Structure formats: structure tokens, C-alpha cells
Amino acid sequence: MDKLSTLSRFKASCPFLGRTKTSTLRNLCTSTSARFPSISLLTERATNCPVMGPALTVRSKEIVAGYASMAANSDIDQIHREKGVNVPADANVEMCPHASAARAAARMADELAHAAKGKEISSKAAAAAGCPFHKAALENTVKAATPAPHPVPAATASTSAHTGVYDYEAFYNNELEKKHKDKSYRYFNNINRLANKFPVAHTAKIEDEVQVWCSNDYLGMGNNPIVLETMHRTLDRYGHGAGGTRNIAGNGALHLGLERELATLHRKDAALVFSSCYVANDATLSTLGSKLPGCVMFSDQSNHASMIQGMRHSGAKRVIFKHNDLEDLENKLKAYPKETPKIIAFESVYSMCGSIGPISEICDLAKKYGALTFLDEVHAVGLYGPRGAGVAEHLDYEAQLAAGDSPDPIPGSVMDRIDIITGTLGKAYGAVGGYIAGSDDFIDMIRSYAPGFIFTTSLPPATVAGAQAGIAYQKSYLGDRQLKQVNVRETKRRFAELDIPVVPGPSHILPVLVGDAALAKAASDKLLYDHSIYVQAINYPTVAVGEERLRITVTQRHTVEQINKLVSAVDQVFTDLNINRIKDWKAVGGRATVGVPGKEDVVEPIWTKTQLGEETGTTPKTLKDGEKDIVDLQGVYVARSRFDHLLGPISGPLRSSYQSATPASALVPKTMKTGTKPLDFAQARDIPVPPPKLSAVA
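Residues numbered from 1 in each chain as written. Predicted model: local features only at pLDDT ≥ 70, side-chain atom pairs only at ≥ 80, totals over all residues. Heavy atoms only, no water.

With respect to the overall build of the chain
Assigned secondary structure in the chain consists of 29 helices and 16 strands. Counting all 698 residues of the chain, 45% fall into the buried class. Residue pairs in contact within the chain that sit at least 24 positions apart in sequence constitute 69% of those at least 6 positions apart. Total accessible area on the chain stands at roughly 34400 Å², and carbon and sulfur atoms take up 55% of it. (Helix = DSSP H or I, 4+ residues; strand = E, 2+ residues; numbered from the N terminus. Buried < 20%, exposed > 50% of the residue type's maximum accessible area, 1.4 Å probe, protein only. Contact = heavy atoms within 4.5 Å. Areas by Shrake-Rupley, 256 points an atom, 1.4 Å probe, with all protein chains shown as cover.)

As C-alpha cells, then:
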């Protein structure tokens, strides 16, 4: 606040400070620059200022000079002896406050220089922007009026003061200013998730740790020990990169194995892996829509941007139906002959509101009107169904459970009736990449025609292996999915008790309605800086204006104490910022399905009590601080066995952490070989491993 008070004194003389709101200045002061981590966004902007830019350069040099030392190594050793300082053999810069501060100052000076490089502002440009320090000087040097220039189109009206060519930097700045004005500018927090402390991360300052409550790594598979062990082994054997596209040196046994795993997961003939599910959706829909003659695509109003872009790129006619509105969808399908190729594209779990699509009913309409079904299970795979295949599997829970790991489809089941399923490796499976699953000919057709698949480098072998290990593990072990749902229910219940508005939904998504972009950002900042809780604000265009929210994701590894802290912190922030609660939304007729007259504030979850093990007393218990998360022995065995033919059989303790057998002091200039010596399991990560289970039921 002291910094903001100082800045406010100069609002009258500085045009930038004068036209910028205090809330925006607060965000710029407290947000780290994405390109230059040692300075704030406000400092980065200041390097463009004709007054502050040179001043920052001078000041940074003064700071560096303040830490400068002319002492030789022998002088430093003598000082240490005289002062009785014993330097450990493994000492580094961070252990010396003077040296670490000097390095930080040097880094800041270097980044300030890079930020200012090529951004010098002329007096004319500065005066045009309203800078009073340059306006008077410029007026004294103005020449006689020159002939008026030829008019230029509006699209190219912004030109450089010196060259007359289009001013691209001004264009960029104007576009960014639009984002700031409508509060849709995206801020990127520096969050570094810690493998051994999930769900804890550190910020730009390594010593500052926060609890993460918005990650899409829904089950913590990004640091599951069987995943890490598999990736270490694969990295040692096959190296880092894939070497090329799938058609040129990048099509290995690991990629084929992952695709077989995914096809089996969804009981489809085949699957195809992409670099992300955005690419998978875009490439598949654009290819299908452009190849099917006269194709008409029917898109749910709330579909993800990747699906929308794919349909646009296809050039096919796109018809949008109201979210989850079967009557509206059918009325639109009726308008086209049955023989016209059609695709109905929709999602199982809608990630910003938590609703679930009427999958079975849409399949009925697709059959009736001759349409293909395209189901996005991105926010459902790993989280629903007895094997984690998604909501389509979950809707036939008992039948799918009885079928086990058979690759054969169950005739008449919802998952069997879906023509095309897309999913991601980057959320519940904690990796990166996306995929599609369907018939053999469909997959081969997309593989043969889709540019998004053909012309991109294949995923790295270690990433592919880690993803397959995670899928195999989750197919075998139900406990993570169950415990996640238990924690979600408890958190929703606690929020309801405090009248905190959660958008009602049957899924794991927990959207806390704020209803204002500036308030949502302020709430997110306050949670982070006052409570060390990281929850990202969700604003337009991801959600509609007026429906801004905090999107909270609860995992099975959040503890009782962490849940208590979250609920208390959100309650306090709502009070401090005077954010509407449920009663306030009810008073104005509701918004975003919260507080709407005649509608329930709570929706029955898709997971039943039987599926959670409540009736048999096998429901997993929420962890407490200090307790270790469970790693299932049967799941570990299944995941390891997938790689016996490529990496060799392995048994015994999980080796999720690796270290070099060579002392650190001997690593330079020798090349370090990773994975040569596993840490003792009890020291690396003390994970209790229960007896193996004979079925997927916990």
C-alpha cells in the first residue's frame, strides 16, 4: 500500500498514472513480469516511459555498484578466517546474503536493460501521449506546417512519427489497452508446483509457498511415484525428444502402446494421440467438416474454444443449440434432411459451470436424425467410471465394472453409442497431450488428412510413457476417484453453510460466483497475498460478462486442514470485498443459475453413495496434515507390467526419485548420467502401499 500511496502523488503529472485505476496499479505492482521475473509488470511498463526509463537504468546500475567487490578469492578466504566463518563444501550463492543480493541486483539490472531495449520513446511520441515533461520542449522545435498527407485507410491509420510506416507497437498497445479496459486482460502468476508437496507450490520467490486450489492435475498424477519412476526409466533408455513427426522418425513403440491403452480404455477400435486436446479437437472437426460433403455441425452453446475453432476452420455450416437443451437441438436437427451429413459436438463435463451433458439423450437424437456424435471427455477422463474412461462409462457403471479391462465394446452402452470420443492426457492424468478414439477407418482417415497431426513433432517418449503409466494405474485403482468426490462434496457443503454462491452442478467442478471482473481479480489476489491460497479468477471471454468466478478444484490429496483454511479464507475475502452471497443473488433474481427462483441451489452428484463405498463402509477418508497419500500396489503392478517388453521387468520399492551416483563436486566438467542410483524409498517418499486388490472396487 505504501507503493500505491507514493504513486498516487504523481497522478496529476503523469498521464499513465492519471488514467489508470488504483486497482489496476495494484495488480501491476503485485504481478511478476512473465518475460522478466525479477521485476513487476509496472516496472516493465515503466521502462517505456521517457522519464522513468532512464531513471530506472541509472538506479539499477547504482544498486549493482553497491554490491560490487574488488576482493580476490584469497582476500575473501582471509576475511572468512578472521571472522570465524566456516564455509561448507556444498556452499552456493544463496547461502551468502551479500552474494545472493548482488546476483539478484545484477539480474534485475540485466532484465531492465532487456525490457528497455528497442523501446526508446521520442519526445514527439511522448508529448502525443500527454507527457507534460516533453510537450513544452517539443512545441519550441515545431517546424512550419507541412502539406497534409494523403488519407490512409482506418486499418492503417496508426503510423510511426519518423518513417510513416504502420506503427505495429502502437497497434499491440491499443489491443492490450482494450483488454485492460474491459477487465479481460489475463494475468499469469508464477506458480511452481512441488513434486514432494502436492498440492503446494512456490511463487517467484522460492521461499514463498502457497496452496494450489485451481490446478487441472485433478488426481496429482503429475507427481505420482509410478509415473515418475516410468518416466525416469524411459528417459534413460530413449532420451528426451521424439526425433520428428509421427511419419518421420517419431513413431515409436511407446506411442503405439499409449494409443492401444486409450483405445482399450474407451473400448474403441483405435485411438490417435495429438500434442494437445485443443489440437485434437481442432484438427479432427476441421478435417471431418471439410471432407464430409455438405456437412452441418451442431454445437452446444457452451462448447470449448478448441471445438468452436475446429468447426470454423472446417468451413462447414455451424448451428448452435442452447446449452444442454434437447428440445432446441431437436428443432434444429429437424430442419435438415436425414441424409445430410451431421455432427453433434458436445462435452460430458463443462469445465466452467460443472454441468454434465445429456449424453444418452443426444445419442437418441443422433440416431433419429442420422448424425455422428462427437463427445469431449477432457474434464472427465480419469475421474468418472469404474476405470476412469469418463462420464459415458459412468452412466453404465455396473456393466462397465463387470467387463473389467476387456477391449471389447458393450453393445448398447452409452460409451458404445458415441462415435467419436476426445480426451486429454494433461488433466486427470497429469501429463500433456490429447487424443481421439473411434473406429479403425475413422482414426486412419484423420491420421491421413489432419494437418494438426501430420505436421507436428511427436510427443517425447518419457511423456508418452508417463501418460500410459498413469492411465494403466487409474484403470486399476478406484480409490483416487472416490476420495476426490468425497472432498468435493465436503467443500461444497461447507460453502453452502456460509452462503457462499457455488454454481450448482453434479460434477467435481466448484465454481464460486463473484459476478464482477474486477472483484474476481481482487478476490484472487487477496487469497494469494493474504492467505497463501492460489485460485485463478475466471473472466470474459471464458465466461459471460457478469458471471465472473473463482474456479476451485479439489483433489483427493487436499487435507482436512487445507480444506478448513480454504473455506475460512474465501469466507473472509467475501466479507472484506463485500461480494454477493446466495441471499444477495436471490434478491436480484439470481445469476448463472445461482439463487434463481424455483431452482435448487444444490444438484445431486453423478457419483452415488454406493459407488463411493458408503453402503459398504469402504469410502476413503480425507487425509490429515502429515498423513501420506495411498499408492495402490495392484495399480503399481499393472502399470509396471505395461513396459516389461521395452524397459524390462521391475519389482520392489518404487523409485520415484533418482540421484546421481557421482558426488556433486565431481560433476564438472563430466556429463551426469541420470537414474543411476535410486534413493531409498523410505527416504525419498514414505508412501504406504496397501495389499493388492483383486478388483477395481475399493
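A few points about the confidence of the model for the chain
Averaged over every residue, the pLDDT of the chain is 85; the share at 70 or more is 78%. Segment residues 118-125 is flagged for pLDDT under 50; beyond a separation of four residues in sequence, or across chains, it makes eleven contacts in the model. Counted against residues more than four places away or in other chains, residues 659-698, with its pLDDT under 50, gives 65 contacts. (pLDDT = per-residue confidence, 0-100.)

Quick look at the sheet that holds strand E3 (residues 209-212)
Strands sit in the order E1-E2-E3-E12 across an open sheet of four strands; the sheet is mixed. Bordering the open sheet on either side are strand E1 (192-193) and strand E12 (533-534), each of which pairs with just one other strand. Summarising the sheet, strand E2 (residues 200-202) and E3 pair through three bridges and their orientation is antiparallel. Its bridge partner lying in E3, Val200 is registered against Gln211. (Pairing = 2+ DSSP bridges.)

Structural notes on the side chain of Thr553
Inspection of the secondary structure assignment puts Thr553 in the loop between strand E14 (549-552) and helix H25 (560-577). Within the structure, the side chain of Thr553 is placed 2.8 Å from the backbone oxygen of Ser215, a separation counted as a polar contact. Sequence-distant contacts of Thr553, that is, excluding residues within four places in its chain, are made with Trp213, Cys214, Ser215, Asn216, Tyr218 and His558. (Polar contact = N/O pair within 3.5 Å; in protein donor to acceptor, adjacent residues only side chain to side chain.)

As for the pattern of salt bridges
Tallied over the full model, the rule gives 23 salt bridges. Across the pair Arg417 and Asp364 runs a salt bridge whose closest N-O atoms are separated by 2.5 Å. On the criterion of sequence distance, the pair formed by Arg417 in helix H19 (residues 414-417) and Asp364 in helix H16 (residues 359-369) is long-range, its members being 53 residues apart. When its relative accessible area of 40% is taken as the criterion, Asp364 is described as partly exposed. For Asp405, the salt bridge goes to Arg642, with nearest N and O atoms at 3.4 Å. A residue pair is termed long-range when its members are at least 10 positions apart, and Asp405 in the loop between helix H18 (397-403) and H19 and Arg642 in the loop between helix H27 (633-641) and helix H28 (644-647) qualify at 237 residues. Here Arg642 falls in the partly exposed class, since its relative accessible area comes to 22%. (Salt bridge = Lys/Arg side-chain N within 4 Å of Asp/Glu carboxyl O.)

Quick notes on the packing of helix H13 (residues 277-291) against helix H20 (residues 440-449)
Closest axis-to-axis distance for the H13/H20 pair is 10 Å, and the angle between their directions is 95°. Accordingly, the angle class assigned to the pair H13 and H20 is roughly perpendicular. Judged by residue contacts, Thr284, Thr287, Leu288 and Lys291 of H13 engage Phe442, Met445, Ile446 and Tyr449 from H20. Among the residues forming the contact of H13 with H20, the class breakdown is five nonpolar, two polar and one charged. (Axes fitted to C-alpha atoms, helices over the stretch in contact; angles between N-to-C directions. Parallel < 35°, antiparallel > 145°, perpendicular 65-115°, else oblique. Nonpolar A, V, L, I, M, F, W, Y, C, P; charged D, E, K, R; others polar.)

Considering helix H23 (residues 479-497)
Taking 1.5 Å of rise per residue, the 19 residues of H23 would be expected to cover 27 Å, and the 27 Å separating its terminal C-alpha atoms lies within 8% of that figure. Among the 19 residues that make up H23, 14 are buried, leaving the element largely enclosed by the rest of the structure. Downstream of H23 by a residue or two, Asp499 has a phi angle that is positive, lying close to 65°. (Expected span 1.5 Å × (residues − 1).)

Some remarks on the pairing of strand E8 (residues 371-376)
Burial of E8 is extensive: five of the six residues sit out of reach of the surface. Across six bridges, strand E7 (residues 342-347) lies against E8 in parallel orientation. Across the sheet, residue Ile344 finds its bridge partner in E8, namely Thr373. Remark: the E7/H16/E8 crossover connection has right-handed handedness. Of the pairings in the sheet, the one linking E8 to strand E9 (residues 420-424) comprises three bridges and is parallel in character. (Right-handed = clockwise from strand over helix to strand, strands pointing away.)

Examining the nonpolar core
Leu262 and Ile344 are the most contacted members of the largest nonpolar core, which totals 70 residues. Broken down by element, this core gets its largest block of residues, seven residues, from helix H22 (residues 461-476). Not counting chain neighbours up to four residues away, the residues in contact with Ile344 comprise Phe298, Phe321, Leu329, Leu333, Ile362, Ala366, Ala371, Leu372, Thr373 and Phe374. Val488, Ile500, Ala523 and Val567 belong to the second-largest nonpolar core, a separate cluster that totals 25 residues. (Core = buried A, V, L, I, M, F, W, Y, C linked by side-chain atoms within 4.5 Å.)

Considering the pairing of E7
The side chains of a regular strand alternate, residue by residue, between the two faces of the sheet. Burial runs high along E7: six of the six residues are buried. The alternating pattern of E7 places Lys342, Ile344 and Phe346 and Ile343, Ala345 and Glu347 on opposite faces, both of which are buried. Pairing analysis gives four bridges linking strand E5 (residues 296-300) to E7, with the strands arranged parallel. Considered in E7, the bridge of Ser299 is made with Ala345.

Focus: the packing of aromatic side chains
This structure, assessed with the given rule, holds eight aromatic pairs. Arranged with centres 6.4 Å apart and planes meeting at 55°, the rings of Tyr166 and Phe171 form a pair that is tilted. For Tyr166, a relative accessible area of 21% gives the class partly exposed. With a centroid separation of 5.8 Å and an interplanar angle of 85°, the aromatic rings of Phe298 and Tyr336 are classed as edge-to-face. Here Tyr336 lies in the loop between helix H15 (326-333) and E7 and Phe298 lies in strand E5, a separation of 38 residues in the sequence. (Phe/Tyr/Trp six-rings, centres within 6.5 Å; stacked < 30°, edge-to-face > 60°.)

With respect to unusual backbone geometry
Following Phe198, the chain continues into Pro199 via a peptide bond in cis, with omega recorded as 10°. Structurally, Pro199 can be placed in the loop between E1 and E2. Here the bond from Tyr540 into Pro541 is cis, since omega is 10°, no more than 30 degrees from zero. Summarising the element assignment, Pro541 is placed in the loop between strand E13 (537-538) and E14. One non-glycine residue, Ala249, adopts positive backbone phi at about 70°. For Ala249, the position within the fold is in the loop between helix H11 (225-238) and helix H12 (253-265). Its identity as a non-glycine residue notwithstanding, Asn578 has a phi of 55°, on the positive side. As for its position among the elements, Asn578 is in the loop between H25 and helix H26 (582-587).

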